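Summary of structural features
Residue-level listing of the chains:
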Amino acid sequence: MGTAPVLAAQPDWRRMDFLSDLHLQPSDKATFDAWAHYMASPHCDAMFILGDLFEVWVGDDILSDPTHGMFWQQCADVIRRTSEQIPVFFMYGNRDFLAGQRLLSRAGMTALADPTVLAVDTERWVLSHGDALCLTDKPYQTFRAEVRDTAWQTAFLARPLPDRLALVRHMREASEHRKLGSQSWIDVDNAAACALLQRTDATVLIHGHTHMPATHKLCDSGLVRHVLSDWDATSQPPRLQVLSATRQPHAPPGDCELGMQVAPPIFSNKNIISA
Ligand SMILES: [Mn+2]
């Protein structure tokens, strides 16, 4: 990863919400419903979706496909209604990196590079999906470099939609099979996370991807790594976490509170988790 672009938080953004790994898909209506409810009345002034919003994205032409299009249109329309009220930023994950301009325009989302530095007053936070930092997974990093290549993407998108859907299904099955054989989940490399923060002059890294929500202190230097959970409304208890950053109205600039919450808040106060 080279240098990271900087996005300055607008002065009137009191609350910023971060979420990732919703893995929206037609077969999981409960998670879609919980997410749509959260999106319908956002209590934040800016929203950051840090990748894997969709379980898979095979190309924007799926939006107009008579057989498969309806669910993805609904997703785009849910985002559209939110982005008409507040800015919605989207970072590509390893499952939806083929999201294109047509989806972004329809949903009213602004794409963010991975990583992006979010400058909040005097603080600098790095936003990332997280997969690029899982360095010990060498086969995945090779695969990632291959599929992020423009020529690969052009060739893939040129294939008929049914072919792409079949190919993705095949790749998913192979990946699930591989996971069954491995003992542990591969995590973000802490040294790489630390180096990224130092290189970008930032103190906080916010990412998803690993589905291992936690707050890690990095390299004894006050640096912090916040890991977002994935979303699953059917698990017990439901996983529907949003990391909210709130600027206190009377606090000095840069005095921001980061707290993990569960969305939508209708589920009950018991679901509020302290950061
Ligand atoms: Mn991911």
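Remember, predicted model here, so these are calculated numbers, not experimental data.

Each packed pair of helices is defined by two parameters, the angle between the axes and the distance between the axes. The N-to-C vectors of helix 1 (residues 29–40) and helix 2 (residues 69–83) enclose an angle of 20°; their axes lie 9 Å apart at closest approach. Here helix 2 runs roughly parallel to helix 1, going by the angle between their axes. In this structure, helix 1 crosses over helix 2, and the sense of that crossing is left-handed. Two secondary-structure elements touch here, helix 1 through Ala-36, Met-39 and Ala-40 and helix 2 through Val-78, Ile-79, Arg-81 and Thr-82.

Moving on: the nonpolar core. With 63 residues, the main nonpolar core has Phe-18, Phe-48, Ile-49, Val-126, Leu-127 and Ile-206 as its most contacted residues. Looking at this core, the element that brings in the most residues is helix 1, giving five residues.

For the rest of this paragraph, the subject is the environment of Val-227. As for its position among the elements, Val-227 is in strand 10 (residues 223–227). C-alpha separation for the pair Val-227 and His-209, spaced 18 residues apart in sequence, amounts to 8.3 Å. Look past the residues within four positions of Val-227 in its chain and what remains in contact with it is His-207, Gly-208, Thr-210, Met-212, Pro-213 and Ala-214.

This paragraph deals with the pairing of strand 7 (residues 123–128). Here strand 6 (residues 116–120) pairs with strand 7 via five bridges, running antiparallel. Bridge pairing links Val-120 to Glu-123 in strand 7. Between strand 6 and strand 7, which pair antiparallel and follow one another directly, the connecting turn spans two residues, one of which, Asp-121, has a positive phi of 55°. One ladder, built from four bridges, connects strand 7 with strand 8 (residues 204–207); its direction is parallel. When the sheet's bridge partners are listed, Trp-125 is paired in strand 8 with Val-204.

Turning our attention to the sheet that holds strand 10. The six strands are arranged 1-6-7-8-10-9 in an open sheet whose pairing can be described as mixed. Each edge of the sheet is formed by a strand with only one pairing partner; in this case those strands are strand 1 (6–8) and strand 9 (214–218). Between one strand and the next, the sheet's axes are offset by a mean angle of 25°, whatever the strand orientation. Sheet topology places strand 9 next to strand 10; five bridges connect them, and they run antiparallel. Bridge assignment links Leu-218 to a residue of strand 10, and that residue is Leu-223.

Calculation notes
- Residues numbered from 1 in each chain as written.
- Predicted model: local features only at pLDDT ≥ 70, side-chain atom pairs only at ≥ 80, totals over all residues.
- Axes fitted to C-alpha atoms, helices over the stretch in contact; angles between N-to-C directions.
- Helix = DSSP H or I, 4+ residues; strand = E, 2+ residues; numbered from the N terminus.
- Parallel < 35°, antiparallel > 145°, perpendicular 65-115°, else oblique.
- Left-handed = near helix turned anticlockwise from the far one by under 90°.
- Contact = placed C-beta atoms within 7 Å.
- Core = buried A, V, L, I, M, F, W, Y, C linked by C-beta atoms within 7 Å.
- Buried ≥ 20, exposed ≤ 12 C-beta atoms within 10 Å, placed from the backbone.
- Pairing = 2+ DSSP bridges.

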